[in-house]
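# A look at the structure
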Amino acid sequence: MSSPVSAIRPPLITGNKSYHDITEDLVVGTERTPSATWVIGFIIAVSLLGFGVFCIIWTIWHGIGTWNLNRTIGWGWDITNFVWWVGIGHAGTLISAILLLFRQKWRTGVNRAAEAMTIFAVMCAGLFPLIHMGRIWMAMFIFPYVNTRGPLWPNFNSPLLWDVFAISTYFTVSLLFWYTGLVPDFATVRDRAKGFRRKIYSFLSFGWTGSAKHWQRWESLSLILAGIATPLVLSVHTIVSFDFATSVIPGWHTTIFPPYFVAGAIFSGFAMVQTLMIITRKIMKLEDYITIEHIESMNKVIVATGMIVGVAYLTELFISWYSGYVYEQFAFFNRALGPYYWSYFGMMFCNVISPLFFFSKKLRRNIAFTFFMSILINIGMWFERFVIIATTLARDYLPSSWSFYVPTWVEIGIYLGTFGLFFTCYLIFVRVAPVVAIAEIKSILKSSGDQYAGGKTPPKREKIAPKVKAVASTGELITDDLKKIEGIGPKVEQALNAAGISTFSQLAEAKVDALQSILDNAEGNFRGNSPESWAAQAAIADKGDWDALKKLQDDLDGGRY
């Protein structure tokens, strides 16, 4: 079936890939022995996670006094890091849901890792409110449930409770979305696996067979989850912004926070996706699937959201001046010229000035510069959260209560521990699942592969088998039931017939390389089919010696010797 090709859009898959090549390239990461780079990274991540767990236990054992919070600054690194991690988790749902609904093909190279990043980032974010409670064993009280303690309910007017509902819903939908996309790829890994590993992937793939009905239900579910997740992209960080906007503290009590927080979340989330994907692309040799086009497309989103964030910063400054409210004016004066001036100007440079470099196409397509910028932007977004929280609380209406906040080693350790949790989960993920969505990459091969895109004529499929087919004396075409050969099903038989092989004798004369080429170039997923024994089986079947064929097939495993 032909697909429309564009004469101007650059390819999203390079390397002249076939369906078979895609399977081999993307599954191999789950099959081979971990590289030294992966092992070193995993040891570092687990070490950070261990230190973070130690700091959490230290906090629970000794109390919140181990943090440098006080009566003036009640929120410090804990809520700063909470908001930062929630923001990072936004890009995955945006790439998965909104870009899926808009049929953006460039999402296919990065959506799987971005979705995984969302799950792990939300896990890291969820730790901070629980620890910040001081008595983590009381966490059950944040959920409204029928209890025997009388009219004991959480405060439904509190945006902190809204956070619980928003983030738990966001996590659940994102997890379902992520796992739904993984099911066909788990089946791909299952078909190549053996022994106990095969049983694990059989369970994870939920009995996926690749039938038309399965694909129909999979696509329907993906669209439904995309429709549910799309408003979540906007609502989650909007509700997080209400933690501040619904208060009466100058610098927080502003209506611009919801769109400003959402734009900032997408901004920082895409930057983190860039960081992860550039590293993954290099280490796992995925340059043909995560191309410069993917990186440039994400950089364009970063520029757009960065400008929205910049406008929000300037709007805040303008409104504080225009309002004539001296306390609001002092809050912003204190941010820029107070004791935390370095964080304010760091935020301005990283989030407003630096993304403007991406207006240059040369820099936008430069891998090293993009990697540097992605880290710089996330540093800037952390500064933004710190500026909003710490600088606003440090100096309030009463000068005698002014304070200066510096985190303790425990707070720094918990923050580093969340990095350990994030990268431990991510490194395990790249070992157990294809980091790029195989099924979705294959779906765009005929329109975005470099042998098809850019106005090129699609390559003609070679007919390896003899051109002349056997014809009976009646003039009818002679065909044999090639499905009698172990390893050949209806779809493979159609592919062979299309290539000119319709009889046992023709199949017996075909070379293994020629048969493999037919499978690679056929429209379908024939990853589990090995043609190494087909010629031998066909030679026996052509003689009509069915007992000998059955004896041979008893020694085969799916057509393999």
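Residues numbered from 1 in each chain as written. Predicted model: local features only at pLDDT ≥ 70, side-chain atom pairs only at ≥ 80, totals over all residues. Heavy atoms only, no water.

Time to look at the overall build of the chain. Along its length, the chain carries 22 helices and zero strands. Its C-alpha atoms give the chain principal-axis dimensions of roughly 105 × 55 × 45 Å. Counting over 561 residues, the chain shows a buried share of 51%. A sequence separation of at least 24 residues applies to 77% of the contacts in the chain between residues at least 6 apart. Accessible surface for the chain amounts to roughly 26200 Å². Of this, 66% is attributable to carbon and sulfur atoms. Averaging the locations of the 47 positively and 39 negatively charged side chains of the chain gives two centres separated by 3 Å. (Helix = DSSP H or I, 4+ residues; strand = E, 2+ residues; numbered from the N terminus. Buried < 20%, exposed > 50% of the residue type's maximum accessible area, 1.4 Å probe, protein only. Contact = heavy atoms within 4.5 Å. Areas by Shrake-Rupley, 256 points an atom, 1.4 Å probe, with all protein chains shown as cover. Lys, Arg positive; Asp, Glu negative; His and termini not counted. Charge placed at Lys NZ, Arg CZ, Asp CG, Glu CD.)

Turning our attention to the packing of aromatic side chains. Under the counting rule described, the total for this entry stands at 50 aromatic pairs. Ring centres 6.0 Å apart and planes at 75 degrees place the aromatic pair Trp342 and Phe383 in the edge-to-face group. Here Phe383 lies in helix α14 (residues 367-394) and Trp342 lies in helix α12 (residues 341-353), a separation of 41 residues in the sequence. An angle of 70 degrees between the planes, with centres 6.3 Å apart, marks the rings of Phe504 and Trp546 as edge-to-face. With a gap of 42 residues between them, Phe504 in helix α19 (residues 504-509) and Trp546 in helix α22 (residues 546-554) connect regions that are remote in the sequence. You can call Phe504 buried: its relative accessible area is 5%. The ring of Phe332 carries Arg335 above its face, with NZ or CZ at 4.6 Å from the centroid. The cationic tip of Lys484 hangs over the ring face of Trp546; the distance from NZ or CZ to the ring centre is 5.6 Å. (Phe/Tyr/Trp six-rings, centres within 6.5 Å; stacked < 30°, edge-to-face > 60°. Lys NZ or Arg CZ within 6 Å of the ring centre and 35° of its normal.)

With that out of the way, let us pick up unusual backbone geometry. With the exception of glycine, the majority of residues adopt a negative phi angle, and the majority of peptide bonds are in the trans configuration. With phi around 55 degrees, Arg103 is a residue other than glycine that occupies positive phi space. Assignment of secondary structure puts Arg103 in the loop between α4 (90-101) and α5 (111-132). Of note, the phi angle at Phe206 is positive, near 55 degrees, even though the residue is not glycine. With respect to the element layout, Phe206 can be found in the loop between α7 (195-204) and α8 (212-245). Here Phe206 falls in the exposed class, since its relative accessible area comes to 58%.

With that settled, the discussion passes to α12. Here α12 is 13 residues long and its end C-alpha atoms lie 17 Å apart, about the 18 Å a rise of 1.5 Å per residue gives. All buried positions along α12 are accounted for by Ser343, Tyr344, Gly346, Met347, Met348, Cys350 and Asn351. Where the residues of α12 are buried, they touch α9 (257-283), α10 (292-323), α11 (326-337) and α14. (Expected span 1.5 Å × (residues − 1).)

So, on to a nonpolar patch on the surface. Taken together, Phe51, Phe54, Trp58, Trp409, Ile412 and Leu416 make up a surface patch of nonpolar side chains, about 520 Å² in accessible area. Topologically, Phe54 is positioned in helix α2 (residues 36-62). (Patch = residues over 30% accessible without salt bridge, like charges linked within 9 Å, V, L, I, M, F, W, Y side chains within 5 Å. Salt bridge = Lys/Arg side-chain N within 4 Å of Asp/Glu carboxyl O.)

Nonpolar side chains in soluble globular proteins tend to be buried together. Judged by nonpolar contacts, the single largest core of 126 residues is most densely connected at Phe82, Trp85, Phe244, Phe270, Tyr426, Phe429 and Val435. In terms of residue count, the dominant contributor to this core is α14 (14 residues). In this view, Val435 contacts Arg112, Ala113, Thr280, Met284, Leu286, Tyr426, Phe429 and Val430; residues no more than four positions away in its chain are not counted. By size, the runner-up hydrophobic cluster in this structure holds 17 residues, among which are Val492, Ala510, Ala538 and Ala541. (Core = buried A, V, L, I, M, F, W, Y, C linked by side-chain atoms within 4.5 Å.)

The next subject is the confidence of the model for the chain. The predicted model of the chain has a mean per-residue pLDDT of 83, with 91% of residues at 70 or higher. Every residue in residues 461-476 scores below 50 in pLDDT, and together they form 25 contacts with partners more than four places removed in sequence or on other chains. (pLDDT = per-residue confidence, 0-100.)

Right, let's get into the state of the cysteines. Per the counting criterion, the structure on display carries zero disulfides. Free of any disulfide, Cys425 has its nearest cysteine sulfur in Cys124, 7.0 Å distant. (Disulfide = S-S within 2.5 Å.)

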